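So you can see what is in the structure, the chains are spelled out below.
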Amino acid sequence: QVQLVESGGGLVQAGGSLRLSCAASKRTFSSYVMGWFRQAPGKEREFVAAIAWSGGSTYYADSVKGRFTISRDNAKNTVYLQMNSLKPEDTAVYYCAKRLGEVVRTTPADFGSWGQGTQVTVSS
């Protein structure tokens, strides 16, 4: 029922940065984990990053570790993905997702709500 809307995607040169945002249409009282996934054409959806309700527990895919930072603002019901040192292989549609609870998971099936996605294209 809660709509998740991603924004901030676009075209950027390799080495550049983008900041993605994911806003929920309405605030939820229950704790939840927010995650970012991405999917390139012809590829399966891939885990990128996740963050717990408290913000103190984060998890990153090895491919983005050290370059991407996930954060959240519970008051704004928004999660962010700061992407630095972007590479062409980061090109994909990026989706935010929500999972009820506090335990961070990295599997798409563990997330029940999804946004529509935002395109990120990194040129060489």
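Residues numbered from 1 in each chain as written. Predicted model: local features only at pLDDT ≥ 70, side-chain atom pairs only at ≥ 80, totals over all residues. Heavy atoms only, no water.

Draft legend 1. Region of the structure containing unusual backbone geometry. Positive phi, close to 55°, is recorded for Asn77, a residue that is not glycine. Within the secondary structure, Asn77 sits in the loop between β7 (68–73) and β8 (78–83). Despite not being glycine, Ser85 has its phi angle at roughly 50°, a positive value. Here Ser85 is to be found in the loop between β8 and β9 (92–100). With relative accessibility at 41%, the residue Ser85 sits in the partly exposed group. (Helix = DSSP H or I, 4+ residues; strand = E, 2+ residues; numbered from the N terminus. Buried < 20%, exposed > 50% of the residue type's maximum accessible area, 1.4 Å probe, protein only.)

Draft legend 2. Representation of the pairing of strand β5 (residues 46–51) within the structure. With five of its six residues buried, β5 lies for the most part within the structure. Judged from the five bridges that link them, strand β4 (residues 32–39) and β5 form a sheet pairing that is antiparallel. Note that in β5 the partner of Arg38 across the bridge is Glu46. (Pairing = 2+ DSSP bridges.)

Draft legend 3. Molecular detail of the environment of Leu100. Residue placement: Leu100 occurs in strand β9. Under the relative-accessibility criterion, Leu100 is labelled exposed at 61%. The sequence separation of Leu100 and Cys22 amounts to 78 residues, and the corresponding C-alpha distance is 16 Å. Contact partners of Leu100, with chain neighbours within four places excluded, come to Ser31 and Tyr32. (Contact = heavy atoms within 4.5 Å.)

Draft legend 4. Looking closely at the nonpolar core. Core analysis: the largest hydrophobic core is formed by 35 residues, its most contacted members being Trp36, Leu81, Met83 and Tyr94. Going through the elements one at a time, β3 (18–24), β4, β5, β7, β8, β9 and β11 (118–123) are the ones with two or more residues in this core. Excluding its chain neighbours within four sequence positions, the residues that come into contact with Met83 are Gly16, Ser17, Leu18, Leu20, Arg67, Phe68, Tyr94 and Val120. (Core = buried A, V, L, I, M, F, W, Y, C linked by side-chain atoms within 4.5 Å.)

Draft legend 5. Layout of the pairing of β8. The element β8 is extensively covered by neighbouring structure, given that five of its six residues are classed as buried. Here β3 pairs with β8 via six bridges, running antiparallel. Across the sheet, residue Ala23 finds its bridge partner in β8, namely Thr78. Pairing between β7 and β8: six bridges, direction antiparallel. Across the sheet, Thr69 pairs through a bridge with Gln82, a residue of β8. Taken together, β7 and the strand that follows it, β8, pair antiparallel across an intervening segment of four residues, in which Asn77 is found at a positive phi of about 55°.

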